[in-house]
Amino acid sequence: MRYDLHIHTKYSRCSALQPARILKIAKKKKLDGIAITDHNTVRGALAVNKLNKDPDFEVVVGSEMKSEYGDVLIYYQNEEIKTRNFLELIDAVKQQGAMLAVAHPFRIVPWLKFKLPLKNLVGKVDAVETFNSRNAFWSNTIATKEAKKYGFAGVGGSDAHWPFDIGNGYTIFRDNLIKAIKTKQTEVGGTTYMVGLSAILSTVQSRIIYPIFS
Ligand SMILES: [Zn+2]
Ligand SMILES: [Zn+2]
């Protein structure tokens, strides 16, 4: 199975991706599933999931929540989570039977880096994002090395904000994603060559286009 586990929709102010378009592109790119992870809301994921009528394609409902230490990805989320407190987020995720992964822990932009060392997260999070297509490649290398050192399952995703991003990062596993993360039998892959363009477009979208049209 090959899933892109980090995709934004127009429910994130830095993306303009339409739910129906995401499904179309993901299938065209031969993905078996995707996780929709909008900034601080599950609404985009619910919208994409509702549109998916293909029993052979999985939409993992999730979000990317901002905590005081940095962004975390939530998978298999049922309802909106209000708290931004890291420890409360962990509780909320457990209560919903969802899973939690640290997003792009070693991104070079200082304010997007995760502020707790991975060794402090052992037993607290289910996985670490070891491949993100909007990371400079050495950020992924460090994340992979550190995750391995402390025994975390790795997940990979594109962090798509634009059509050309979808599928640029992915997680490979056998059968079932939850089981694969729990048994740490996941592999990641992808390409980071679109990082520059994707980031510039998101800045234009969130700073200029979004404020004008909403
Ligand atoms: Zn974003
Ligand atoms: Zn993201």
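Everything below is about the structure printed above this text.
Residues numbered from 1 in each chain as written. Chains lettered and ligands numbered in written order. Predicted model: local features only at pLDDT ≥ 70, side-chain atom pairs only at ≥ 80, totals over all residues. Heavy atoms only, no water.

### Concerning the side chain of Asp 38
Threshold: Only DSSP runs of H or I reaching four residues or more are called helices, and only runs of E reaching two or more are called strands; each is numbered from the N terminus. The rule is simple: take the accessible area with a 1.4 Å probe, protein chains only, and divide by the maximum for that residue type; under 20% is buried, over 50% is exposed, in between is partly exposed. By the counting scheme adopted, Arg and Lys are positive, Glu and Asp are negative, and His together with the chain ends is not counted. The term salt bridge refers to a side-chain nitrogen of Lys or Arg lying within 4 Å of a carboxyl oxygen of Asp or Glu. A contact between two residues is defined here by any heavy atoms of the two lying within 4.5 Å.
By the secondary structure assignment, Asp 38 is in strand E2 (residues 33–39). At 8.0 Å, Arg 43 is the nearest oppositely charged side chain to Asp 38, a buried residue that forms no salt bridge. The contacts of Asp 38, once residues within four sequence positions are left out, are Ile 7, His 8, Thr 9, Tyr 11, Ser 12, Gly 44, Ala 45, Gly 62, Ser 63 and Glu 64.

### Thoughts on the coordination of the zinc ion (ligand 2)
Cut-off, in case you're wondering: The donor definition counts N, O and S atoms within 2.8 Å of each metal and applies 3.2 Å to Na, K and Ca; water is not among these atoms, so some sites may look incomplete. Geometry assignment treats four donors as tetrahedral when all angles are between 85 and 135 degrees, treats four as square planar and six as octahedral when opposite donors are over 155 degrees apart and all others between 65 and 115, and treats everything else as irregular.
Of the protein atoms, only His 6 (NE2), His 8 (NE2), Glu 64 (OE) and Asp 159 (OD) coordinate the zinc ion (ligand 2), at distances of 2.1 to 2.2 Å. In this structure, the zinc ion (ligand 2) is coordinated by four donor atoms arranged in irregular fashion, with angles at the metal of 80 to 175°. Read in sequence order, the donor residues for the zinc ion (ligand 2) give the motif H-x1-H-x55-E-x94-D. Here the zinc ion (ligand 1) and the zinc ion (ligand 2) are spaced 4.9 Å from one another. Pair noted here: His 8 is in the loop between strand E1 (2–7) and helix H1 (19–28) and Asp 159 is in the loop between strand E7 (153–157) and strand E8 (169–172), with a separation of 151 residues, a long-range link. According to the relative accessible area criterion, His 8 is buried, its value standing at 0%. Of the residues examined, Asp 159 reaches a relative accessible area of 2% and is grouped as buried.

### Brief notes about the sheet that holds E7
Operational definition: By definition, two strands form a pair when at least two bridges between them are found by DSSP. To define axes, lines are fitted to C-alpha atoms, for helices over the stretch in contact only, and angles between the resulting N-to-C directions are given on a 0 to 180 degree scale.
The mixed open sheet is built from nine strands, whose spatial order is E7-E6-E5-E4-E3-E2-E1-E8-E9. Of all the strands in the sheet, just E7 and strand E9 (187–190) have a single pairing partner and so form its edges. When the angles between neighbouring strand axes are averaged without regard to direction, this sheet yields 30°. Alignment of E8 against E9, held across four bridges, turns out to be antiparallel. By the bridge assignment for E9, Ile 172 is matched with Glu 187.

### Regarding the coordination of the zinc ion (ligand 1)
Summarising the metal site, the zinc ion (ligand 1) is bound by the protein donors Cys 14 (SG), His 39 (NE2) and His 161 (NE2), whose distances to it range over 2.1 to 2.3 Å. Here the donor residues for the zinc ion (ligand 1) map to a single chain with the spacing C-x24-H-x121-H.

### Examining the pattern of salt bridges
Two side chains bearing opposite charge may form a pair once their charged atoms approach each other closely. Scanning all chains against the criterion turns up four salt bridges. Between Asp 54 and Lys 27 there is a salt bridge, with the nearest N and O atoms lying 3.2 Å from each other. In this pair, Asp 54 sits in the loop between helix H2 (43–51) and strand E3 (58–67) while Lys 27 sits in helix H1, placing the two residues 27 residues apart along the sequence. Of the residues examined, Lys 27 reaches a relative accessible area of 35% and is grouped as partly exposed. Between Asp 71 and Lys 66 there is a salt bridge; the shortest N-O distance is 3.1 Å. Among the residues examined, Lys 66 registers a relative accessible area of 42% and is labelled partly exposed.

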